[in-house]
Every structure is written in C-alpha cells, then in structure tokens.
Amino acid sequence: SIKAMNWIPWKSYPLFQDYFSDYPGHLHINIHPHFHGKGVGTLLINAAVKKYTQPLHIVTSKGEANIQFYLKNSFQELDQRPFHSHQLVLMSRDRP
C-alpha cells in the first residue's frame, strides 16, 4: 500500500500533469471506516460533481479497494504510471 511508504500526494503531482488541463478538478475523499458502505462517499462525490463545473480526477494506487468505489461512482481509469515501487492509477469523471 502507498500508505506504507509515507506517500505525500504532491510528490506524484507531475506524474499525470499532462491530463490536468482536460480533468482539472482534483477530488480527495477520506471516509472513516465506520461509514464505509453507507453512501457517505457517494453523497460527497455527487455534491462535488454538482458544484464543480469541470471534469474531475483522482489518483490512487493499483490494487486499492477504492478503485471499485470510484468505478461504481462513474469514474473511469485513464492511465497507470510507475511511482517509486508502486503503480499509480489516474481516474476521471466527466460532468453528467
């Protein structure tokens, strides 16, 4: 897991910057495990999509459980790139 290497998100920022003009909105959601599976994350994503007028992107690492969550919430995988000993995944969601 990326958490194990004390990953700091801004260190990987340049990795996908060639996509950011098409997907300028960066979404970062952390939900306490007690609230997983209760729709809280989906509510937050829907609120962000409603308020933000540009397509959104997220960056996660390959194999993380949140990939299925984002796919369920209309994100798609755009690209994967190596970052240190991990493979990072760029996902995006267009405006409805």
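Below: a short report on this structure.

What counts as what
- Residues numbered from 1 in each chain as written.
- Predicted model: local features only at pLDDT ≥ 70, side-chain atom pairs only at ≥ 80, totals over all residues.
- Heavy atoms only, no water.
- Salt bridge = Lys/Arg side-chain N within 4 Å of Asp/Glu carboxyl O.
- Helix = DSSP H or I, 4+ residues; strand = E, 2+ residues; numbered from the N terminus.
- Buried < 20%, exposed > 50% of the residue type's maximum accessible area, 1.4 Å probe, protein only.
- Phe/Tyr/Trp six-rings, centres within 6.5 Å; stacked < 30°, edge-to-face > 60°.
- Pairing = 2+ DSSP bridges.

What follows deals with the pattern of salt bridges. Within this structure, the stated rule accounts for 2 salt bridges. Across the pair Arg81 and Asp18 runs a salt bridge whose closest N-O atoms are separated by 2.9 Å. Of the two residues, Arg81 is situated in strand β3 (residues 76-83) and Asp18 in the segment before β1 (25-26); the sequence distance between them amounts to 63 residues. The partner of Arg81 in a salt bridge is Asp79, and the shortest N-O contact between them spans 2.8 Å. Side by side, Arg81 and Asp79 carry an identical accessibility label, which is buried. The network of salt bridges with common partners includes Asp18, Asp79 and Arg81.

In the structure shown here, the tally under the stated rule is 2 aromatic pairs. Measuring from centroid to centroid gives 5.1 Å for Phe69 and Tyr70, while their planes differ by 70°, and the two rings are edge-to-face. The exposure class assigned to Tyr70 is buried, which follows from its relative accessible area of 4%. Look at Tyr70 and Phe75: their rings are 5.1 Å apart centre to centre, the planes differ by 75°, and that puts the pair in the edge-to-face class.

So, on to the sheet that holds β3. Sheet architecture is open: 4 strands sit in the order β1-β2-β4-β3, paired in mixed fashion. Two strands lie at the open edges of the sheet, namely β1 and β3, each paired on one side alone. Note that strand β2 (residues 56-61) and strand β4 (residues 86-93) share 6 bridges and pair antiparallel. Residue pairing in the sheet places Val59 in a bridge with Leu90 of β4.

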